Amino acid sequence: DPQQLELTTTSKRKLRRFIVIDEVVDKLYGSKVREYFEENNVQHKILALPTTEETKSMDVVLNILHEVQKFSLDRRTEPIIAIGGGVCLDIVGLAASLYRRRTPYIRVPTTLLSYVDASVGAKNGVNFLQCKNKLGGYTPPVASFLDRSFIQSIPRRHISNGLGEILKMALMKHKGLFDLLKSHGKYLLDTKFQSCSGFAGHGDAALQTTRIAIETMLEELAPNLWEDDLDRLVDFGHLISPELEMRVLPSLMHGEAVNIDMAFMTYVAHARGLLAAEDKEQILQCMRGLELPLWHRGCSWALIQRALRERLKHSGGQPRMPLPTGLGVAEIFNDTSEETLERAYELWVRD
């Protein structure tokens, strides 16, 4: 905003920023962040916190808000900055939306999962009564700053975890993205999504993959930002996974739980006759290549039934089940019988 820029550059008041950073990210990059604000003569407060699924609660939100109040932010011109993974971005988004009814905030994702998922859209939230993201709202950030160099410091399993959400968009909306993952999955894991020259045949697979994943996510979210329409292809992998993820914490990461859900739903699609056997095998082979789990012993038939009942409660009494009907194409179904689900479950467990 040119007016804001002029105000900022001509104002005698010192620039001020409140930053919430994940404590692991702080150990790796905190000194650079502090150096940046000091060099630019910005008065700042950096709050380093443990941000994990286990700590994702209103208590942490209130802790942040106590510190924001002490720092005394201008709620229109001084955005809160969140630097971390998806949990950090979700918590800070909720805190900002509550402070003075809405304070602007900026997302800086530092994991692959948050880069392609939590950085996009308007949702924020925390876990409540052992239910994932039960409290939250829709307050988009004023900006998301995407820098893939953060990803080089995260463990390989975390990169595989992020690939689960990228695969979701590929299966629902973009065969070209699926082909990229199938051809370059191991390379992306090995190079940690850095743009590397001198790797013949791979091109800039990291840039292409992340760009397409984000663009397809935006295409799907932008017309329905507040979820007025509950038929959402982006819910693929999110029917059973919330229940599973919370039940087995901390043994599964979010993208891993999503992939287990997607693997089961791939069997459901095949059992319904929507997905050819060779397409089902291609999907499962791609998941293996991305080093994602296809099954977990905690995902019992009873848990699946419970998760689908919970789904009905918050989706207007319909399951609204996104299922692949090919590679990169999908539809939403409300008529999958219990018998089909059980048959798919038996085949999945057997395999």
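Right above here is the structure, for reference.
This one's a predicted model, so the numbers in the text were calculated from it and none came from an experiment.

Definitions and limits used
- Residues numbered from 1 in each chain as written.
- Predicted model: local features only at pLDDT ≥ 70, side-chain atom pairs only at ≥ 80, totals over all residues.
- Heavy atoms only, no water.
- Helix = DSSP H or I, 4+ residues; strand = E, 2+ residues; numbered from the N terminus.
- Rg over C-alpha atoms; globule rule 2.2 N^0.38 Å.
- Buried < 20%, exposed > 50% of the residue type's maximum accessible area, 1.4 Å probe, protein only.
- Contact = heavy atoms within 4.5 Å.
- Areas by Shrake-Rupley, 256 points an atom, 1.4 Å probe, with all protein chains shown as cover.
- Axes fitted to C-alpha atoms, helices over the stretch in contact; angles between N-to-C directions.
- Parallel < 35°, antiparallel > 145°, perpendicular 65-115°, else oblique.
- Nonpolar A, V, L, I, M, F, W, Y, C, P; charged D, E, K, R; others polar.
- Core = buried A, V, L, I, M, F, W, Y, C linked by side-chain atoms within 4.5 Å.
- Patch = residues over 30% accessible without salt bridge, like charges linked within 9 Å, V, L, I, M, F, W, Y side chains within 5 Å.
- Salt bridge = Lys/Arg side-chain N within 4 Å of Asp/Glu carboxyl O.
- Lys, Arg positive; Asp, Glu negative; His and termini not counted.
- Charge placed at Lys NZ, Arg CZ, Asp CG, Glu CD.
- Expected span 1.5 Å × (residues − 1).
- Bend = angle between axes of the 7 residues up to and from the residue.
- Polar contact = N/O pair within 3.5 Å; in protein donor to acceptor, adjacent residues only side chain to side chain.
- Pairing = 2+ DSSP bridges.
- Phe/Tyr/Trp six-rings, centres within 6.5 Å; stacked < 30°, edge-to-face > 60°.

**Thoughts on the overall build of the chain**
- In terms of regular secondary structure, the chain is built from 13 helices and nine strands.
- Whereas a compact globule of 351 residues would reach a radius of gyration of roughly 20 Å, the chain reaches 21 Å, a difference of no more than 12%.
- In terms of overall dimensions, the chain has a C-alpha envelope of 70 × 50 × 35 Å along the principal axes.
- The proportion of buried residues among the 351 residues of the chain is 54%.
- Pairs at least 24 residues apart make up 75% of the contacts formed inside the chain by residues separated by at least 6 positions.
- Element-wise, carbon and sulfur atoms account for 51% of the exposed surface of the chain, whose accessible area totals about 16500 Å².

**Re the packing of helix α10 (residues 254-271) against helix α11 (residues 277-289)**
- Running from amino to carboxyl end, α10 crosses α11 at an angle of 170°, the nearest separation of the two axes being 10 Å. As the angle between them shows, α10 and α11 are arranged roughly antiparallel. Contacts between α10 and α11 pair Asn259, Met262, Ala263, Thr266, Tyr267 and His270 from the former with Ala277, Lys280, Ile283, Leu284 and Met287 from the latter.
- Grouping the constituent residues of the contact of α10 with α11 by class yields seven nonpolar, three polar and one charged.

**Overview of the nonpolar core**
- Membership of the largest hydrophobic core comes to 71 residues, with the highest contact counts inside it found for Leu167 and Phe264.
- By residue number, the principal contributor to this core is α10, which donates 11 residues.
- Once you skip the residues sitting within four places of it in the chain, Phe264 turns out to touch Ile240, Ile304, Leu341, Ala344, Tyr345 and Trp348.
- Formed by 25 residues, the second largest nonpolar core is a distinct cluster that contains Leu49, Ile80, Cys88 and Ile91.

**A closer look at a negative patch on the surface**
- On the surface, a cluster of negative charge is contributed by Glu338, Glu339, Glu342 and Glu346.
- Positionally, Glu346 belongs in helix α13 (residues 338-350).

**Let's talk about unusual backbone geometry**
- With an omega dihedral of 0°, the bond running from Leu249 to Pro250 counts as a cis peptide bond.
- Residue position: Pro250 is located in the loop between α9 (241-247) and α10.
- Of note, Leu129 is a non-glycine position whose phi angle comes to about 55°, a positive value.
- Inspection of the secondary structure assignment puts Leu129 in the loop between β5 (123-128) and β6 (131-138).
- Phi is positive for Phe193, close to 60°, though the residue is something other than glycine.
- Following the sequence through the fold, Phe193 ends up in the loop between α7 (175-191) and α8 (205-221).
- Classification of Phe193 by relative accessible area gives buried; the value is 0%.

**A short note on helix α2 (residues 23-39)**
- Between its terminal C-alpha atoms α2 stretches 22 Å, which fits the 24 Å expected from 17 residues at 1.5 Å a residue.
- Along α2, the helix axis deviates most sharply at Tyr29, where the bend reaches about 70°.
- For α2, the complete set of buried residues consists of Val25, Asp26, Tyr29, Gly30, Val33 and Phe37.
- Packing partners of the buried residues in α2 comprise β1 (16-22), β2 (43-49) and β3 (80-84).
- With a side-chain oxygen positioned 2.9 Å from the backbone nitrogen of Val24, the residue opening α2 is Asp22.
- Looking one or two places after α2, you find Asn41, whose phi comes out positive at around 55°.

**So, the sheet that holds β3**
- Spatial ordering of the open sheet is given by β2-β1-β3-β4-β7, a layout of five strands whose pairing is parallel. Strands at the two margins of the open sheet, each flanked by one partner only, are β2 and β7 (143-144).
- Judged from the five bridges that link them, β3 and strand β4 (residues 105-109) form a sheet pairing that is parallel. Its bridge partner lying in β4, Ile80 is registered against Tyr105.
- The sheet contacts of α2 involve β1, β2 and β3, and relative to β1 the element is tilted by about 160°.
- Helix α4 (residues 86-98) rests against β1, β3 and β4 of the sheet, and its axis sits at about 165° to β3.

**So, the side chain of Asp22**
- Inspection of the secondary structure puts Asp22 in strand β1.
- The side chain of Asp22 is buried and forms no salt bridge, while Lys27, the nearest opposite charge, is found at 8.1 Å.
- At a separation of 2.9 Å, a polar atom in the side chain of Asp22 contacts the main-chain amide nitrogen of Val24.
- When near neighbours in sequence (up to four residues on either side) are disregarded, Asp22 contacts Leu49, Pro50, Thr51, Ile83, Gly84 and Cys88.

**As for the packing of aromatic side chains**
- All told, the structure shown has eight aromatic pairs when counted by the stated rule.
- Pairing Phe264 with Trp348 gives two aromatic rings, centres 5.2 Å apart and planes at 45°, and the pair type is tilted. Within this pair, whereas Phe264 is found in helix α10, its partner Trp348 is found in helix α13, the two being separated by 84 residues in sequence.
- What makes Phe264 buried here is its relative accessible area of 0%.
- A relative accessible area of 4% means that Trp348 is categorised as buried.
- Ring geometry for Trp301 and Tyr345: centres 5.7 Å apart, planes at 40°, overall tilted. Taken as a pair, Trp301 in helix α12 (residues 301-313) and Tyr345 in helix α13 lie far apart in primary sequence, 44 residues in all. Neither residue differs from the other here; Trp301 and Tyr345 are each classed as buried.
- The rings of Phe264, Trp301, Tyr345 and Trp348 are connected pair by pair, giving a single aromatic cluster.

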